[in-house]
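# Survey of secondary and tertiary structure
The lines below spell out each chain.
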Amino acid sequence: MPETSLRERLNRLNHPTKSADFAGAPVHGATPRPRPQQRSYGLPRGFEEVETPFGAAAIRQDVIPLPALDPDPGRIAYVDTETTGLAGGAGTYVFTASIATPIDCGLRLVQLFLPEPGMESAFLYALRQEVELASGIATFNGGSFDLPVLRTRWVMARMPGELTHGPHTDLLTLVRALYRHRLENCTLRFVEQRVLGYERDDPLPSALVPDAYFDYLRAGSRDFLEAALEHNRLDVISLVHLHSRLLRRLRGADVDMNAEDWLALGRHRWRRGARADGWRALRNATAFAEGEAAATAGLLISRRLLRRGSVSGADRLLDWLEASAREDLRVSVARARLLEWRRRDPQKALAVVQDAVRRMPESAHELEARRARLERKLRRRDQPPKRAITDSLPF
């Protein structure tokens, strides 16, 4: 029997004899109805109720001055959520979400709040209305956490259709690709300090954010809740500046880039299919002509030259690299391999190996097998060919 989806099982609980078309609009009354709202506690500061087809949603809207971004990421909705836990299962609620969108006069910041679980349908509806206005969305680790949790809550709330949005950019993926060699870890706080260059005066640690919401639900306490909501707003504002900085790095426009930076950029662009940009970045890394990163970039370029059939180009590059990165064993091995198998010149290959042994005696054992094989090849080549021995015939 085909596996029954979570949405279908939930729908049968309320409508056991009716069905719904979950790919599009619901039928036979599958649309969730607004629940009676009997809140005992007031909304946090700055929030007001806005009516939706699913009841009232608690929303706070602000416009924040924002200097012109260079480069300008465009009309992107930056999304950050706070949840009741990190498990991500069906019992994890999203109790606040901030959506920041750059506009002509600054940054439009919309924050949604869930005063009680019964208002989740209106919360989710308002969130989708916000992200659908943008040409795409950006998050920090949203591909692994925020978006899956929101989709789960969408189904659990029996919302019609799907939680749709534009193309998604996960900024954590870009940070890891472009800055991992510079960072001890890739948390948003650490990225703010090392990449953006500022240290946030956070009103509440991330670990205490769920407890602040539970205190509000139990006793109406808003002291720590206000701090948790401010924490969420600061997170999403950081994403706007981080995205612009990452776009500048992707263009290779940072003036302080070293060989490791260009190597990371080249690898990322090449993997993403932007081969011209990747090739340029790898060449810039190789041009530093010293250090492990420059040698690695040069080796990557030489492999691609060989795949194109440019043996002479790869040989010239490796020869230049060997003169520059004289303590990198990988370069000598790559050139010896090229001379032996592509140039069919074991004598030059042996000279490269012997020179590497003299420069790096501590690595001689790694070259011993190659040196011995090349010497055997040369001995066999220098030996005269054996004459065929035939028996004398009697006639």
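Treat the numbers as computed from the prediction; the structure is a model and nothing was measured.

### Comments concerning the overall build of the protein chain
Tallying secondary structure elements over the protein chain gives 14 helices and seven strands in all. Taken across its 395 residues, the protein chain has 49% of its residues classed as buried. Carbon and sulfur atoms provide 50% of the accessible area of the protein chain, an area that totals close to 21200 Å².

### Some details on the layout of surface pockets
Considering only enclosed or pocket space, the largest pocket measures out at about 620 Å³ in volume. Contributions of two or more residues to the lining of the largest pocket are made by β3 (76–83), α3 (142–156), α4 (171–179), α5 (188–196), α6 (209–219) and α7 (223–250). Here the lining of the largest pocket gets four residues from one element, more than from any other, and that element is β3. Of the residues contributing to the lining of the largest pocket, the split by class is eight nonpolar, seven polar and six charged.

### Quick look at empty space enclosed by the protein
With the rule as written, the count across this model stands at three cavities of 30 Å³ or more. By volume, the second largest cavity amounts to about 60 Å³. What lines the second largest cavity is simply V79, L127, V131, I137, L147, L150, L163 and H165. Going through the elements one at a time, α2 (120–131) and α3 are the ones with two or more residues in the lining of the second largest cavity. A breakdown of the residues in the lining of the second largest cavity according to their chemical character gives seven nonpolar, one polar and no charged.

### A short note on the environment of M257
With respect to the secondary-structure elements, M257 resides in the loop between α7 and α8 (259–271). You can call M257 buried: its relative accessible area is 7%. Remark: the alpha-carbon pair of M257 and N284, spanning 27 residues in sequence, is separated by 9.7 Å. Setting aside residues no more than four positions away along its own chain, M257 makes contact with R249, G252, W262, L265 and F288.

### Overview of the pairing of β3
Of all eight residues in β3, eight are buried, a share of seventy percent or more. Side chains of β3 alternate between two faces, with I76, Y78, D80 and E82 and A77, V79, T81 and T83 buried alike. As defined by bridge partners, β3 adjoins strand β6 (residues 136–139) across three bridges and the pair is classed as parallel. Bridged to I76 within β6 is G136. The pairing of β3 with strand β4 (residues 94–103) spans six bridges and is antiparallel. Looking at the pairing, Y78 lines up with A100 of β4.

### What to know about helix α11 (residues 311–324)
Given a rise of 1.5 Å per residue, 14 residues ought to cover 20 Å, and the 20 Å separating the end C-alpha atoms of α11 matches this to within 8%. Those residues of α11 lying buried are V311, G313, A314, D315, L317, L318, L321 and E322. As for α11, its buried residues are in contact with α9 (275–286), α10 (292–307), α12 (329–342) and α13 (346–359).

### A look at the nonpolar core
Counting residues in each nonpolar core, the largest one holds 69 residues, and the members touching the most others are Y78, F140, L171, V175, L183, L242 and L246. A per-element tally of this core places α10 first, with nine residues. When neighbours within four sequence positions are excluded, F140 is seen to be in contact with D146, D170, L171, L172, V175, C186, T187, L188, V191, L239 and L242.

### Thoughts on the packing of aromatic side chains
On inspection of all chains with the given rule, the structure shows seven aromatic pairs. With a centroid separation of 4.3 Å and an interplanar angle of 10 degrees, the aromatic rings of F95 and Y213 are classed as stacked. You can see F95 sitting in strand β4 and its partner Y213 sitting in helix α6, a full 118 residues away along the chain. Y213 gets classed as buried once you look at its relative accessible area, which sits at 2%. Put simply, the rings of F47, F95, F113, Y213, F214 and Y216 touch in pairs and so form one group of aromatic residues. The ring of W341 carries K377 above its face, with NZ or CZ at 3.8 Å from the centroid.

### As for the sheet that holds β3
Reading across from one edge, β1-β2-β5-β4-β3-β6-β7 is the order of the seven strands in this open sheet, with mixed pairing throughout. Two strands bound the open sheet, and with one partner strand each, they are β1 (48–52) and β7 (168–170). The average angle at which neighbouring strand axes cross in this sheet is 30 degrees, direction not considered. For β6 and β7, the ladder comprises three bridges, and the chain directions are parallel. Within β7, the residue paired with A138 across the bridge is T169. Relative to β7, α3 is tilted by about 135 degrees, and along the sheet it contacts β3, β4, β6 and β7. Contacts from α4 reach β6 and β7, with the element oriented near 45 degrees to β7.

Rules behind the numbers
- Residues numbered from 1 in each chain as written.
- Predicted model: local features only at pLDDT ≥ 70, side-chain atom pairs only at ≥ 80, totals over all residues.
- Heavy atoms only, no water.
- Helix = DSSP H or I, 4+ residues; strand = E, 2+ residues; numbered from the N terminus.
- Buried < 20%, exposed > 50% of the residue type's maximum accessible area, 1.4 Å probe, protein only.
- Areas by Shrake-Rupley, 256 points an atom, 1.4 Å probe, with all protein chains shown as cover.
- 1 Å grid on protein atoms, 1.4 Å probe; cavity = no way out; pocket = protein on both sides within 12 Å on 5 of 7 lines; lining within 4 Å.
- Points joined across faces, edges and corners; volume = space filled by probe spheres on them.
- Nonpolar A, V, L, I, M, F, W, Y, C, P; charged D, E, K, R; others polar.
- Contact = heavy atoms within 4.5 Å.
- Pairing = 2+ DSSP bridges.
- Expected span 1.5 Å × (residues − 1).
- Core = buried A, V, L, I, M, F, W, Y, C linked by side-chain atoms within 4.5 Å.
- Phe/Tyr/Trp six-rings, centres within 6.5 Å; stacked < 30°, edge-to-face > 60°.
- Lys NZ or Arg CZ within 6 Å of the ring centre and 35° of its normal.
- Axes fitted to C-alpha atoms, helices over the stretch in contact; angles between N-to-C directions.

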